[in-house]
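Chain by chain, the residues run as shown.
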Amino acid sequence: MTDRYAVIGNPIAHSKSPQIHKMFAEQTGQDISYEAILAPLDGFAATVERLRKEGYKGCNVTVPFKFEAFQLATQPTERAQIMRTVNTLKFFYGGGIFGDNTDSTGLIHDILFNLGFTLNNKRVLLIGAGGAAYGVVLSLVDMDVKLTIVNRSADKAKTLASSLIPNEFTIIGCGFDEIVSQQFDVVINATSAGLTDSELPLPPTLFAPGALAYDMMYGRDTPFMKFAREQGAAVVSDGLGMLVEQAAESFFIWRGVRPETAPVISALRTAK
Ligand code: NDP
């Protein structure tokens, strides 16, 4: 019997997740279906409950429901508990719900394995302090990076830096005016500024020689990516690889099989 999965979000029409999981299923011979479901902004929990009653095995969760998904998870992983956000739910027969956040693995795998950058001991700037930043910050710390978090609302960056971080690391949270004379080896844009084609107030000297500029957004060339190219970043990447890598981790959680990501990333880039 076909096992059913879905991604829940609002909006959701743009989601590439159904395409990605279809390719994973074909590649691995898994008998699953996967669809995109639009939940009302006040109806996330009811939508999850409906899916469970209809026999779905699990779901992905995207904007704006990742914090709410964490609340629903009766068995959150340790990293989900620290980040307090979840993008993958797995439903158990007894009624329990496993919850994990695979965005972090997605980002790290894309940077390390697809883009070939090392992170250990590198100066990393994470721009943003919303759900996406919360989702990845712990994995960055685990890679022993020297992390600075900058955000338009500086207080949110400071809260994120101080609340999540093990004591042995020095993590700085600040506003844009405080990074004026600094350089970074890896700059990750985890804001939604690209959605509105907004430019970020970044200094032109931001990128160290050989730097990676990474925008978590995908599907468009953002002002951040253009800025990074103009200012000499060695590699400029969008977040498509992260999207596919986080999906692969979810697929593994549900099916116990890890799909190959490279052909899927390549197929999506060709289809653009
Ligand atoms: P949130 O709404 O939770 O947070 C938005 C963040 O962007 C805040 O830090 C906000 O700053 C900042 N921001 C928004 N507009 C501007 C602007 N004009 N100038 C400066 N800062 C701005 O969104 P998410 O964190 O959930 O998502 C952020 C992005 O990450 C989205 O584009 C999403 O598509 C992408 N993403 C990609 C994934 C992938 O797999 N590739 C996975 C997850 C997310 P402030 O606090 O000051 O408002």
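The sections below set out a description of the structure shown in this document. Not measured: the values here are computed from a predicted model. (Residues numbered from 1 in each chain as written. Predicted model: local features only at pLDDT ≥ 70, side-chain atom pairs only at ≥ 80, totals over all residues. Heavy atoms only, no water.)

1. Side note on the pairing of strand β3 (residues 58-61)
Put simply, the test is: Type-normalised accessible area, obtained with a 1.4 Å probe on protein chains alone, sets the label of each residue: buried when under 20%, exposed when over 50%, and partly exposed for intermediate values. By the criteria applied, helices consist of DSSP H or I runs no shorter than four residues and strands consist of E runs no shorter than two, each listed in order from the N terminus. In short, DSSP must find at least two bridges between two strands for them to pair.
Residues Gly58 and Asn60 line one face of β3 and the alternating positions Cys59 and Val61 line the opposite face, and both faces are buried. Where strand β1 (residues 3-9) and β3 come together, four bridges link them in parallel fashion. Directly across from Ala6, in β3, lies its bridge partner Cys59. Of the pairings in the sheet, the one linking β3 to strand β5 (residues 88-91) comprises three bridges and is antiparallel in character. In the strand pairing of β5, Gly58 is matched with Lys90.

2. Considerations on the packing of helix α1 (residues 17-28) against helix α9 (residues 240-255)
Definition in use: Fitted lines through C-alpha atoms give the axes, limited to the stretch in contact for helices. The angle between two N-to-C directions lies from 0 to 180 degrees. Angular relationships are summarised with four words: roughly parallel below 35 degrees, roughly antiparallel beyond 145, roughly perpendicular across 65 to 115, and oblique for the angles in between. By the definition used in this description, the sense in which the near helix is turned from the far one sets the handedness, with an anticlockwise turn below a right angle giving left-handed and a clockwise turn giving right-handed. Contacts were defined at the residue level, with two residues in contact if any of their heavy atoms lie within 4.5 Å. Note that Gly is not counted as nonpolar here; it falls among the polar residues with everything else outside the nonpolar set of Ala, Val, Leu, Ile, Met, Phe, Trp, Tyr, Cys and Pro and the charged set of Asp, Glu, Lys and Arg.
Where α1 meets α9, the closest approach of the two axes is 10 Å, and the angle between their N-to-C directions is 55 degrees. The angle between the axes of α1 and α9 places the two elements in the oblique class. Helix-helix and strand crossings are classified by hand; for α1 and α9 the assignment is right-handed. Residues Ile20, His21, Phe24, Ala25 and Thr28 of α1 lie in contact with α9, whose contacting residues are Leu243, Val244, Ala247, Ala248, Phe251 and Trp254. Of the residues contributing to the contact of α1 with α9, the split by class is nine nonpolar, two polar and no charged.

3. Regarding the sheet that holds strand β10 (residues 184-189)
Ordered by their spatial adjacency, six strands build an open sheet running β9-β8-β7-β10-β11-β12, and the pairing between neighbours is parallel. Every other strand in the sheet has two partners, leaving β9 (172-174) and β12 (235-237) as the edge strands with one partner each. Ignoring strand direction, the axes of neighbouring strands in this sheet form an average angle of 15 degrees. Judged from the four bridges that link them, strand β7 (residues 123-127) and β10 form a sheet pairing that is parallel. Of the residues in β10, the one forming a bridge with Ile127 is Asn189. Across the face of the sheet, helix α5 (residues 103-114) comes into contact with β10, β11 (207-215) and β12 while running at roughly 140 degrees to β11.

4. Some details on the pattern of salt bridges
Just so we agree on the cut-off: A pair is scored as a salt bridge if a Lys or Arg side-chain nitrogen falls within 4 Å of a carboxyl oxygen belonging to Asp or Glu.
Under the criterion given, the structure shown has twelve salt bridges. Of the charged contacts in the structure, one is a salt bridge between Lys66 and Asp103, with a shortest N-O distance of 2.7 Å. Here Lys66 is found in helix α3 (residues 66-72), whereas its partner Asp103 is found in helix α5, with 37 residues between them in sequence. Comparing Lys66 with Asp103 shows no difference in burial state: the two are buried. With a closest N to O distance of 2.8 Å, Asp221 and Arg229 form a salt bridge. Ionic contacts of the salt-bridge type, sharing partners, join the residues Arg79, Asp100, Glu249 and Arg258 into one network.

5. Regarding the sheet that holds strand β4 (residues 75-76)
Ordered by their spatial adjacency, six strands build an open sheet running β2-β1-β3-β5-β6-β4, and the pairing between neighbours is mixed. Strands with a single pairing partner mark the edges of an open sheet, and in this sheet they are β2 (32-38) and β4. As paired strands, β1 and β2 are joined by seven bridges and run parallel to one another. Within β2, the position partnered with Tyr5 by the bridge is Tyr34. Where α9 meets the sheet, it contacts β1, β2, β3, β5 and β6 (97-100), and its direction lies at approximately 10 degrees from that of β5.

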